[in-house]
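# Tertiary structure, described
Listed below are the residues making up each chain.
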Amino acid sequence: MGSAISLRPDFNGFILRRLARQARDADQARRLLALASIYDGGSRADAARVGSVTVQIVRDWVVRFNDRGPGGLINGKAPGKPSLLNDDQRAALAQAIERGPTPYLDGIVRWRLCDLAQWIWEEFRISVSEETLGREVRAMGYRKLSARPRHHAQDAEAAETFKKTSPSLWQKAAGPASGKVIEIWFQDEARIGQKNKITRRWAKRGSRPSAPHDQRTRSAYIFGAICPKQGKAAALVMPWCDTHAMNQHLTEISRNVADNAHAVLIMDQAGWHMSKNLIVPENITILPLPPKSPELNPVENIWQFMRDNWLSNRVFKSYEDIVDHCCYAWRAMQERPSKIMSIGRRLWAQGF
C-alpha cells in the first residue's frame, strides 16, 4: 500500500458536500462525499465505507482530485491504445488518398484498405491491419463515396470559369425580363429501360446477394428539371429524345415557373437542346453548360438518387410498365422538395 497523500488545501468538507448536492453525476457526488469525510477528520477507511470501495480506490480518488479538482472525479473515456501513425504520417496518408493510385505503378485503379496498408508499410515500415486502418481513415473524415462522372477531355478551366461568371451570365441572359425574380433551373434526361442497373444492398458479410436483371432493351426517357432554391421540379416521360420532346418539356417547365419570375434554364449542349427548331417560352432563357462538364448539372445526382431508391433492381414487363415506374419515381421525388434542395443546391449557383 502506498503512503498517505494529503488533500489539497483549497477545499474543505463543507464545499465538497455543497458540490455533491449540485452534481449531476451520481458517481462524482459519491466520491465528493467520501473525500468530504476526510476533510472532516475521518480516515481513509471511513471514506472507503462512505464510497463503498476499498482504501486503494479512495487513494486513487485523492490523486485525481488533487490533480484536476472536482472535475477529476467524473469518469472519463479511456484513452485506448495510441495510434500507430503520427500527424506527419497521417498527413502523408491523406495526400495519397486524395491523389489516388497510379495504375502503371501501383497496379490498381482505386485504393482498397489492403492497398493503403501496403503503401504505409512501404513508406514508413509500419504494419497496420485493415480494421485499424479503416478506423483511422474514417477518423480522418474519409468515406467510400460514389464518384461523379467526369469527361476525360474536359476543360477544367472552362468549368471553373462558368461557376465564377454564371451569375452575371444569367442576369444578362434574362435581360428582357428585368425586374422579375430569377429562378435557376437545371435540366437533363435519363434513359430508363429493361436493361436495368443493380445497386448495392444490405447483406451478411461474406455473402453475394442477388438481384433480378433483364437483358431486353425497351426503354423510355425522363426529361427532368429542378429549381433547387425553390424545391420545384418538372418532368415528362417520353419514348424518344429529340427536339419535339424537348419542346414539350420546355412547355412543362414554363408552367412551373412563378408568375412574377423568369427562369434561366441551365443544361448541356445536346443536339435537341441547341436545335434551331426549339420553341423557347417567353419566361425561359437557356444557358448552356461548358462542353463535357456533366458534374456541373445537379440533375445527374437526382438520377442517381432515383435509381438507387426506386428504379434499379427491377424487371420491367413492358414499355407501359417502364413509364408507370418512371412517373411514380418522379412524383415521389417531387413530393420531397427538401431532398431536391439538398441534392441540387450548388454554392456557385444558389449561394448556399
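Residues numbered from 1 in each chain as written. Predicted model: local features only at pLDDT ≥ 70, side-chain atom pairs only at ≥ 80, totals over all residues. Heavy atoms only, no water.

One pass over the full model with this rule turns up seven aromatic pairs. When the centroid spacing of 6.1 Å and the interplanar angle of 90 degrees are considered together, the rings of phenylalanine 186 and tryptophan 348 count as edge-to-face. With phenylalanine 186 in strand β1 (residues 181–193) and tryptophan 348 in helix α14 (residues 347–350), this residue pair connects regions lying 162 residues apart in the sequence. On the basis of relative accessibility, which here comes to 15%, the residue tryptophan 348 falls in the buried class. Between arginine 8 and the ring centre of phenylalanine 65, over which it is positioned, the NZ or CZ distance is 5.9 Å. (Phe/Tyr/Trp six-rings, centres within 6.5 Å; stacked < 30°, edge-to-face > 60°. Helix = DSSP H or I, 4+ residues; strand = E, 2+ residues; numbered from the N terminus. Buried < 20%, exposed > 50% of the residue type's maximum accessible area, 1.4 Å probe, protein only. Lys NZ or Arg CZ within 6 Å of the ring centre and 35° of its normal.)

Moving on, we come to helix α12 (residues 319–334). Here α12 is 16 residues long and its end C-alpha atoms lie 22 Å apart, about the 22 Å a rise of 1.5 Å per residue gives. Along its buried surface, α12 packs onto β1, β2 (219–227), β3 (232–238), α11 (299–311) and α13 (337–344). (Expected span 1.5 Å × (residues − 1). Contact = heavy atoms within 4.5 Å.)

Okay, the environment of proline 228 next. Relative to the helices and strands, proline 228 is located in the loop between β2 and β3. Proline 228 sits in the buried class, given a relative accessible area of 0%. Spatially, the C-alpha atoms of proline 228 and aspartate 25 are 47 Å apart, while their sequence positions differ by 203 residues. Not counting chain neighbours up to four residues away, the residues in contact with proline 228 comprise Ile184, Phe186, Ile340, Met341, Gly344, Arg345 and Gln350.

Moving on to the pattern of salt bridges. Inspection of every chain in the model, using the stated rule, returns 10 salt bridges. The salt bridge involving glutamate 183 is made with lysine 232; its shortest N-O contact spans 3.0 Å. Of the two residues, glutamate 183 is situated in strand β1 and lysine 232 in strand β3; the sequence distance between them amounts to 49 residues. Classification of glutamate 183 by relative accessible area gives buried; the value is 4%. Shared partners join several salt bridges into a network, and the residues in it are Asp87, Arg90 and Glu136. (Salt bridge = Lys/Arg side-chain N within 4 Å of Asp/Glu carboxyl O.)

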